Amino acid sequence: MIPEGPLQLDNAAMSTHGFRLSLFSLSTLLLQACPASQKCPEVDAGIVECVPYTPAAVTGSESGTLTALDERATRPITIDDLGGGLVEVRVSASHGTVAEVRLQGRPIAELSQGVSVRVSDDVGERRFVFRAQGGKTYDVELSPVVTPPEGGQTWTISWSYQPNVDCFEPNDTASTAKRIRLDEPVEAYAHAGIVEGDGVLVGPSLVDFYRFELTEKTTVQLVAKRPGTEVLVFEFWNAATDASWLVSTDGQAESNVESASEELELNAGTHHVRVVAFVSQQATWETTEGEAPFPTTWNQPYTLTVKRKSPPACQD
């Protein structure tokens, strides 16, 4: 069962995010400080491109009647924030009715399964969650299982949005990668919203990119922690080929346990970290009270840190 209310960082937490980063940066620099007579070069000077935002508030309900077998009732739901999240839909009907979802404007073949009510039993309401990409509109479509009775069959749907507030979004490609700094933890979501080409499974949006800048040759290591059992790969991306990785953490490390990559020496310049799911995942999930909910990666964050292993020597 999905907990009531949005699953998100509260406003106070978001407003202090930059302050926490500043404290971490200060403590890191103090630990690495050189004697007053020496100068310690900064190898990754620059800002962290984490931009807090106010998540969308999306909720509502609607009722209607289906009168023909080929009739479809469509309810558009728009998610107009950056990070996206989960939309829970509740469906009830007087007779057998199917509820499905797809990205607005996409072909019928891209319908993602939702739930059926009043079909094989007398259950009058069911619920499902679909994974919504930020800045997209989705259509929840209802259709009768058999020809409706005289006078039609009634239906009701309600929906509520539970955002994954991720200040690094959108960052699904190397060109949209947000800048991070060495030794400063990043917390974000391996969230996949339904996008063009998706149907029962989602895949292309299960990618996050970050970039960091080095002013001189530096040895680094990637440390990461995933929130659930679904395989996530954290890797230093090979920008030269844009098709392969350099080193990675253990994608099958235990949940909530840190995993570290091999150390890697990188030249001065721009470098990338990629986070990607090992396989495609479900686009929707039926939620039933008393049963296990959807996978924890759907609404719990991962963490990663690019650690500096060989800081440049202090200079007179």
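Quick caveat: nothing in here was measured; it's all calculated off a predicted structure. (Residues numbered from 1 in each chain as written. Predicted model: local features only at pLDDT ≥ 70, side-chain atom pairs only at ≥ 80, totals over all residues. Heavy atoms only, no water.)

So, about the overall build of the protein. Summing up its helical and strand segments, the protein has 2 helices and 21 strands in all. For the protein, buried positions account for 48% of its 316 residues. In the protein, once contacts between residues fewer than 6 apart in sequence are set aside, the share between residues at least 24 apart is 82%. Carbon and sulfur atoms form 52% of the exposed surface of the protein, whose accessible area is close to 14800 Å². (Helix = DSSP H or I, 4+ residues; strand = E, 2+ residues; numbered from the N terminus. Buried < 20%, exposed > 50% of the residue type's maximum accessible area, 1.4 Å probe, protein only. Contact = heavy atoms within 4.5 Å. Areas by Shrake-Rupley, 256 points an atom, 1.4 Å probe, with all protein chains shown as cover.)

This part takes up the confidence of the model for the protein. In the predicted model, the protein carries a mean pLDDT of 85, and the fraction of residues at 70 or more is 84%. For residues 1–38, every residue scores under 50 in pLDDT, and the model assigns this stretch 52 contacts once sequence neighbours within four places are set aside. (pLDDT = per-residue confidence, 0-100.)

With that out of the way, let us pick up unusual backbone geometry. Residue P170 follows E169 across a cis peptide bond; omega there is -5°. Relative to the assigned elements, P170 resides in the loop between strand 8 (153–163) and strand 9 (178–179). Notably, D183 is not glycine yet its phi reads approximately 70°, a positive angle. Inspection of the secondary structure assignment puts D183 in the loop between strand 9 and strand 10 (186–188). Classification of D183 as buried rests on a relative accessible area of 12%. Its identity is not glycine, yet D242 carries a phi of approximately 50°, on the positive side.

Quick look at the pairing of strand 13 (residues 218–225) now. The buried fraction of strand 13 is high, at 7 of 8 residues. Here strand 13 runs beside strand 17 (residues 264–266); their pairing, made up of 3 bridges, is antiparallel. Looking at strand 17, one finds that V220 is bridged to L264. Where strand 13 lies against strand 21 (residues 302–308), 6 bridges are found, and the strand directions are antiparallel. Bridge pairing links V220 to R308 in strand 21. (Pairing = 2+ DSSP bridges.)

The subject of this paragraph is the sheet that holds strand 4 (residues 97–103). Overall, antiparallel pairing links the 4 strands, which are arranged 2-7-4-5 in an open sheet. One side of each edge strand has no neighbouring strand; the edge strands of this open sheet are strand 2 (73–79) and strand 5 (112–117). Strand-to-strand, the axes of this sheet are offset by a mean angle of 20°, without reference to chain direction. (Axes fitted to C-alpha atoms, helices over the stretch in contact; angles between N-to-C directions.)

Reading across from one edge, 1-8-3-6-20 is the order of the 5 strands in this open sheet, with antiparallel pairing throughout. One side of each edge strand has no neighbouring strand; the edge strands of this open sheet are strand 1 (59–66) and strand 20 (284–287). Looking at each pair of strands side by side, their axes are set apart by 20° on average, direction ignored.

Below, the discussion takes up the side chain of S205. Tracing the backbone shows S205 in the loop between strand 11 (201–202) and strand 12 (207–214). Judged by relative accessible area, S205 falls into the buried class, the value being 2%. A polar side-chain atom of S205 sits 2.8 Å from the main-chain carbonyl oxygen of G193. The residues contacting S205, other than those within four sequence positions of it, are Q133, D172, H191, A192, G193 and V195. (Polar contact = N/O pair within 3.5 Å; in protein donor to acceptor, adjacent residues only side chain to side chain.)

A separate point is the nonpolar core. Side chains of a nonpolar character, in soluble globular proteins, are inclined to be buried together. Formed by 57 residues in total, the largest nonpolar core has its most connected members in F130, Y210 and L304. In contact with F130, not counting residues within four places along its chain, are I77, G85, L86, V87, V89, V101, Y138, V140, I194, A283 and T284. If you look at the next biggest cluster of nonpolar residues, it comprises 6 residues, including A177, F209, V233 and W237. (Core = buried A, V, L, I, M, F, W, Y, C linked by side-chain atoms within 4.5 Å.)

The next point concerns the pattern of salt bridges. For the structure shown, the criterion picks out 14 salt bridges. The salt bridge partner of E286 is R126, with a shortest N-O separation of 3.4 Å. Here E286 is found in strand 20, whereas its partner R126 is found in strand 6 (residues 125–132), with 160 residues between them in sequence. Given a relative accessible area of 36%, E286 falls into the partly exposed group. Among the ionic contacts, a cluster of salt bridges with common partners joins R72, E100, R102 and E141. (Salt bridge = Lys/Arg side-chain N within 4 Å of Asp/Glu carboxyl O.)

Once that is clear, we can look at the state of the cysteines. Scanning the model with the defined rule gives 1 disulfide in all. Between C50 and C167 runs a disulfide, and the two sulfur atoms are separated by 1.9 Å. Between C50 and C167, the disulfide has an S-S torsion of -105° and is therefore left-handed. Linking C50 in the loop between helix 2 (17–31) and strand 1 with C167 in the loop between strand 8 and strand 9, this pair joins segments that are 117 residues apart in sequence. The exposure class assigned to C50 is buried, which follows from its relative accessible area of 13%. (Disulfide = S-S within 2.5 Å.)

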